[in-house]
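Take a look at the letters that make up each chain.
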Amino acid sequence: MADGRTALIVGASRGIGLGLAKDLRARGWRVTGTVRRPEDEAALREAGIEVERADIADAASADTLIERVSAPLDLLVVNAGVSGPRHASVEEVTAEELGELMMTNAAGPVRLARRLLAAGKITDGGTVALMSSTMGSVSDNKSGGYDLYRMSKAALNMAVRSLDAELKGRARVLSLHPGWVQTDMGGPNAPLSVEDSARGLASVLERGEGVPPFVDYKGDALPW
Ligand SMILES: NC(=O)c1ccc[n+]([C@@H]2O[C@H](COP(=O)([O-])OP(=O)(O)OC[C@H]3O[C@@H](n4cnc5c(N)ncnc54)[C@H](OP(=O)(O)O)[C@@H]3O)[C@@H](O)[C@H]2O)c1
């Protein structure tokens, strides 16, 4: 059990974020989860999870969250993410659509991590984990498709590597892949349940050493 260790899960209203928040709480972590809508608070509170509001794409909202984080965090997970415009087409995308996708999936998560670190709200030796995807792997892309989503997660991975290089070991920085999971985003044909993905991710995050920097829910290394 990890009694007393503190985690902040950003984007915990449903899907993988909610599952991970519940799994860590069941392991004894003190967990805060963020939502955007008041009606999503109850499910977290019922599981003993503290609740804050945050929109990862909005700088002022992120700053309010940072001010409200009281205990230094042992773990930050930015899980919030979107799949992008329904048409998923580089040829059709507007600046507004691309801006929202990149702010939500890439710049917003890294901005929050950097500002929490600068505010001293992440413990030395703590973990900063950003929810990426194998779709963000440049070298693994042998099938094509999903250009916009891939671009956003590849950009996230690049920013994760920069952060890791700059921190020089002050905190552990990870890009996570949760597997293909049955959520609103992953769809009903995904092979993995939220519970199994969350259990795997929590085990990886609890592991002290030897976790690869781009890692899936089983603890296996992924190629950048
Ligand atoms: N499912 C998969 O197979 C899969 C595979 C690889 C990677 N991933 C990644 O895993 C993460 C979670 O995916 P999921 O499948 O659980 O997706 P999901 O069911 O669609 O849930 C997305 C979560 O992100 C939150 N979110 C979206 N935009 C946000 C914003 N601007 N600010 C704060 N929160 C925001 C949502 O909050 P609201 O409820 O308020 O919208 C929700 O909690 C994402 O980063 C996704 O890219 C998923």
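Everything that follows concerns the structure shown earlier in this document.
Residues numbered from 1 in each chain as written. Predicted model: local features only at pLDDT ≥ 70, side-chain atom pairs only at ≥ 80, totals over all residues.

### A short note on the site of the ligand
In step 1: What surrounds the ligand is a group of 28 residues, the closest being Gly15, Ala80, Gly81, Thr183 and Gly186.
In step 2: In terms of residue count, helix α1 (residues 15-26) provides more of the shell around the ligand than any other element does, 3 residues in total.
In step 3: Considered class by class, the residues forming the shell around the ligand number 12 nonpolar, 11 polar and 5 charged. (Near = placed C-beta within 6 Å. Helix = DSSP H or I, 4+ residues; strand = E, 2+ residues; numbered from the N terminus. Nonpolar A, V, L, I, M, F, W, Y, C, P; charged D, E, K, R; others polar.)

### Re the pairing of strand β1 (residues 6-10)
In step 1: Summarising burial for β1: 5 of the 5 residues are buried, a large majority.
In step 2: A two-sided burial pattern is seen for β1, the buried positions comprising Thr6, Leu8 and Val10 on one face and Ala7 and Ile9 on the other.
In step 3: Examined bridge by bridge, β1 and strand β2 (residues 30-35) share 4 bridges and lie parallel to one another. Counterpart to alanine 7 in the pairing with β2 is valine 31.
In step 4: Where the polypeptide runs from β1 across α1 and back to β2, its parallel neighbour, the crossover connection is right-handed.
In step 5: Bridging between β1 and strand β4 (residues 73-78) involves 4 bridges; their strand directions are parallel. Along β4, the bridge assignment pairs leucine 8 with leucine 76. (Buried ≥ 20, exposed ≤ 12 C-beta atoms within 10 Å, placed from the backbone. Pairing = 2+ DSSP bridges. Right-handed = clockwise from strand over helix to strand, strands pointing away.)

Structural measurements only, silent on function.
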